[in-house]
Amino acid sequence: MIDDERCEGHGRCYSIAGDLFEPDEIGNGVVRRDGTVPAGREREAELAVENCPEQAISLVED
Amino acid sequence: MGRHEPVVDWATDFDHTDDAYVADPFTIWNELRNSCPIARTDRYQGAWLPTRHEDIAAIAYDTDRFTSRSVVMSEFRAPVEMAPQGIAPPISSDPPYHKGARRVLLPAFAPQAVDKLEASTRAYCHQLVGALRVEAGDGGVVDAAVGYAQHIPVRVIANMLGLPETDGERFRGFVNHVLEGVDKPMEERALGMMDLFEYLQVQIDDHLANPRDDLISYLLAAELDGSQLDPFQVARTVALLLIAGIDTTWSAIGASLWHLAGNPADRQRLVAEPDLLPTAMEEFLRAYAPVTMARLVREDMDYSGCPMKANDFVLLPFPAANRDPKAFDRADEVIIDREVNRHAAFGLGIHRCAGSHLARMELRVALEVWLAEFPEFELADPAAVRWSAGQVRGPRLLPVRIG
């Protein structure tokens, strides 16, 4: 999930993991679909978290 | 170069226009980080220079105690009466005014809008490398900064704003004046600023009379808090886009080419693995982040043991934050396949560079086109490379020999 209060629209998440995130109309990151990370996409999701300059993204275990 | 006395003690008398800082700020930041992480100076009527990632981030986030009213350090400070807009909104604005002024701009710089500019940017880069190929002949020397990097953002931003492409030379004059002339007397700086605004006034009048599909017409029609932006406010925002959009990107393109010219293994790998470019590009942005921003201290206070006075400048050297070993493994090495790279090249917090998506597109396209045309190139004369002075760092002379 993305903390909207922290996201400033750097766009690293949707550049790295375009299947998991997309830009809104001002370039802020939005989680695609319901935010569930499909099997095999865990590494991309982790990289999105680790590259967010504002540390706005977190992975939540179900 | 510098009009000031040479610096002897960087901890207590720093000057970012000093020849040593222009040539190699990294060594200075590294030494300060280990000895006196927030340096000070009485120059510029008082200023501070944090060098650790944690301090630079904390100050960027602290819009209460640090104002953006003046973001370019010189003898001049924007008067308090210019708040909340500041000289060039939204970069010079503080909350809460900042948010709306920025919101107006962001859709024009969002990835969806930037995508539409890629084809014309690529065509222009092809045109430039074509001309350089002719100029160089076989094994000849061309200047990658003067003949290539500097032209790309000028053309892109002129088209976007709706300014004549043929005025590129004038734009570079304005940029040079605002960003590099920071140690000139105040009167001389004020005159240069007037030239810029007189130029923009003519362009804005023309757009008012003949609206068209460009960013100036969009801004003239845009509303903020229910009322239209006044033309002078539009002029100030256009001044920002013109100044901020040009030598920053030119510096990023130039610094990346400088790295590749001097590091054949990285160059060969990128030629062989073009898919690595987006990752490599982030590393170039980290290691050679062109932009240092500035803030003013709002009120007298103690910050981390530093007795800061109201109206002292504080520089935010994002490239120093990007080289802090506490924030990055092997911070001083350029690792073009670095996967985890939470760099701050475009700033942190509410003033994140509004043009970052545009800048990344220009940098990626510029490098793709250059590497496809010139897979072999090297520094023709390392001693002839010249770096800009001031808060935007990049090569201004970059002679390379084309293989």
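Presented here is a report on the structure given in the accompanying data block. (Residues numbered from 1 in each chain as written. Chains lettered and ligands numbered in written order. Predicted model: local features only at pLDDT ≥ 70, side-chain atom pairs only at ≥ 80, totals over all residues. Heavy atoms only, no water.)

1. What to know about the overall build of chain B
Next, step 1: A count of helices and strands for chain B gives 16 helices and 14 strands.
Next, step 2: Computed over its C-alpha atoms, the radius of gyration of chain B comes to 21 Å, within 12% of the 22 Å expected for a compact globule of 403 residues.
Next, step 3: With the C-alpha coordinates aligned to their principal axes, the bounding extent of chain B is approximately 60 × 60 × 40 Å.
Next, step 4: Within the span of chain B, comprising 403 residues, buried residues form 59% of the whole.
Next, step 5: Long-range contacts, defined as pairs at least 24 residues apart, comprise 70% of the intrachain contacts of chain B with a sequence gap of at least 6.
Next, step 6: Carbon together with sulfur atoms contributes 55% to the accessible area of chain B, which is approximately 16,200 Å² in total.
Next, step 7: Across chain B, the 39 positively charged side chains and the 59 negatively charged ones have centroids separated by 3 Å. (Helix = DSSP H or I, 4+ residues; strand = E, 2+ residues; numbered from the N terminus. Rg over C-alpha atoms; globule rule 2.2 N^0.38 Å. Buried < 20%, exposed > 50% of the residue type's maximum accessible area, 1.4 Å probe, protein only. Contact = heavy atoms within 4.5 Å. Areas by Shrake-Rupley, 256 points an atom, 1.4 Å probe, with all protein chains shown as cover. Lys, Arg positive; Asp, Glu negative; His and termini not counted. Charge placed at Lys NZ, Arg CZ, Asp CG, Glu CD.)

2. So, the overall build of chain A
Next, step 1: The number of helices and strands found in chain A is two helices and two strands.
Next, step 2: For 62 residues, the compact-globule estimate of 2.2 N^0.38 gives 11 Å, and the C-alpha radius of gyration of chain A, at 10 Å, lies within 12% of that figure.
Next, step 3: The C-alpha extent of chain A, read off along each of the three principal axes, is 30 × 20 × 20 Å.
Next, step 4: For chain A, contacts bridging at least 24 residues in sequence account for 44% of all contacts bridging at least 6.
Next, step 5: In the form shown here, chain A has an accessible surface area of approximately 3,500 Å², with 44% of it arising from carbon and sulfur atoms.
Next, step 6: Both charge centroids of chain A, one from 6 positive and one from 16 negative side chains, sit 6 Å from each other.

3. With respect to the nonpolar core
Next, step 1: Counting residues in hydrophobic clusters, the biggest one holds 132 residues, and the most contacted among them are Tyr148(B), Leu242(B), Met308(B), Trp370(B) and Val400(B).
Next, step 2: Counting residues per element, this core draws most heavily on helix 12 (residues 231–262) of chain B, at 15 residues.
Next, step 3: Leaving out residues up to four positions away in the same chain, Leu242(B) has contacts with Ile157(B), Leu161(B), Leu163(B), Phe171(B), Phe174(B), Val175(B), Leu196(B) and Leu200(B).
Next, step 4: Listed in part, the 13 residues of the second largest apolar core include Ile2(A), Cys7(A), Phe21(A) and Ala45(A). (Core = buried A, V, L, I, M, F, W, Y, C linked by side-chain atoms within 4.5 Å.)

4. A look at the sheet that holds strand 2 (residues 47–50) of chain B
All names here are of chain B.
Next, step 1: In spatial order, the strands read 1-2-10-7-3; together these five strands make up an open sheet with mixed pairing. Each having just a single partner strand, strand 1 (38–41) and strand 3 (66–67) make up the two edges of the open sheet.
Next, step 2: One ladder, built from four bridges, connects strand 1 with strand 2; its direction is antiparallel. Bridge pairing links alanine 39 to leucine 49 in strand 2.
Next, step 3: The strands touched by helix 3 (residues 53–61) are strand 1, strand 2, strand 3, strand 7 (292–297) and strand 10 (313–317); relative to strand 10, the strand with the most contacts, the crossing angle is about 120°. (Pairing = 2+ DSSP bridges. Axes fitted to C-alpha atoms, helices over the stretch in contact; angles between N-to-C directions.)

5. A few points about the state of the cysteines
All names here are of chain A.
Next, step 1: With the rule as written, the count across this model stands at zero disulfides over all chains.
Next, step 2: The thiol of cysteine 7 is unpaired, and the distance to the nearest cysteine sulfur, on cysteine 13, comes to 6.4 Å.
Next, step 3: The class for cysteine 13 is buried, based on a relative accessible area of 8%. (Disulfide = S-S within 2.5 Å.)

6. Remarks on helix 4 (residues 97–109) of chain B
Residues and elements named next belong to chain B.
Next, step 1: Along its length, helix 4 shows its largest kink, about 30°, at arginine 103, and proline proline 107 lies within four residues downstream of that point.
Next, step 2: Taken residue by residue, helix 4 has Tyr97, His98, Ala101, Arg102, Val104, Leu105, Leu106, Ala108 and Phe109 as its buried positions.
Next, step 3: Lining the buried residues of helix 4 we find helix 5 (111–115), helix 8 (151–161), helix 11 (215–221), strand 5 (223–224), helix 12 and helix 16 (356–373). (Bend = angle between axes of the 7 residues up to and from the residue.)

7. What to know about the packing of aromatic side chains
The description of an aromatic ring pair rests on the distance of the ring centres and on the angle between the ring planes.
Residues and elements named next belong to chain B.
Next, step 1: In total, this model carries 12 aromatic pairs over all chains according to the counting rule given.
Next, step 2: Centroid distance tryptophan 258 to tyrosine 288: 5.6 Å. Interplanar angle 85°. Geometry classified as edge-to-face. Linking tryptophan 258 in helix 12 with tyrosine 288 in the loop between helix 14 (277–287) and strand 7, this pair joins segments that are 30 residues apart in sequence.
Next, step 3: Residue tyrosine 288 is classed as buried on the basis of its relative accessible area, which comes to 10%.
Next, step 4: Connected via pairs of aromatic rings, a cluster forms that spans Trp10, Tyr21, Phe26 and Trp29.
Next, step 5: Positioned above the aromatic ring of tryptophan 387, the side-chain terminus of arginine 393 is 4.1 Å from the ring centre.
Next, step 6: Over the ring of tryptophan 250 we find arginine 396, and its NZ or CZ is 4.1 Å from the ring centre. (Phe/Tyr/Trp six-rings, centres within 6.5 Å; stacked < 30°, edge-to-face > 60°. Lys NZ or Arg CZ within 6 Å of the ring centre and 35° of its normal.)

8. A few points about helix 12 of chain B
All names here are of chain B.
Next, step 1: For helix 12, which comprises 32 residues, the first-to-last C-alpha distance of 47 Å matches the rise-based estimate of 46 Å (1.5 Å per residue) to within 8%.
Next, step 2: The element helix 12 is extensively covered by neighbouring structure, given that 27 of its 32 residues are classed as buried.
Next, step 3: Measuring from the backbone nitrogen of phenylalanine 232 back to the side-chain oxygen at the start of helix 12 gives 3.0 Å, which picks out aspartate 230 as the cap. (Expected span 1.5 Å × (residues − 1). Polar contact = N/O pair within 3.5 Å; in protein donor to acceptor, adjacent residues only side chain to side chain.)

9. Things to note about the sheet that holds strand 14 (residues 399–402) of chain B
Residue and element names in this part refer to chain B.
Next, step 1: With antiparallel pairing, three strands are arranged side by side in an open sheet as 4-14-11. Strands with a single pairing partner mark the edges of an open sheet, and in this sheet they are strand 4 (141–143) and strand 11 (377–379). On average, adjacent strands in this sheet sit at an angle of 35° to one another, irrespective of strand direction.
Next, step 2: Looking at chain direction, strand 4 and strand 14 are connected through three bridges and run antiparallel. Note on strand 14: the bridge partner recorded for valine 141 is arginine 401.
Next, step 3: Here helix 6 (residues 118–136) sits on the sheet in contact with strand 4 and strand 14, set at roughly 145° to strand 4.

10. Topic: the interface of chain B and chain A
In many analyses, interface size is given as the accessible surface area lost on bringing the parts together.
Next, step 1: Of the residues lining the interface, 22 residues belong to chain B; the matching set on chain A comes to 20 residues.
Next, step 2: Across the chain B/chain A interface, buried area totals approximately 1,700 Å², and carbon plus sulfur atoms make up 44% of it.
Next, step 3: When the buried surface of chain B facing chain A is broken down by residue, Glu339(B), Arg342(B) and Arg352(B) rank first, second and third, together holding 32% of it.
Next, step 4: The interface formed by chain B and chain A holds three salt bridges in total.
Next, step 5: Across the salt bridge formed by Arg43(A) and Glu339(B), the nearest N and O atoms sit 3.2 Å from each other.
Next, step 6: At the boundary of chain B with chain A, the tally comes to 16 residue pairs in polar contact (both at pLDDT 80 or more). (Buried area = accessible area lost by both parts, 1.4 Å probe. Salt bridge = Lys/Arg side-chain N within 4 Å of Asp/Glu carboxyl O.)

Shape is all these values report; function is a separate question.
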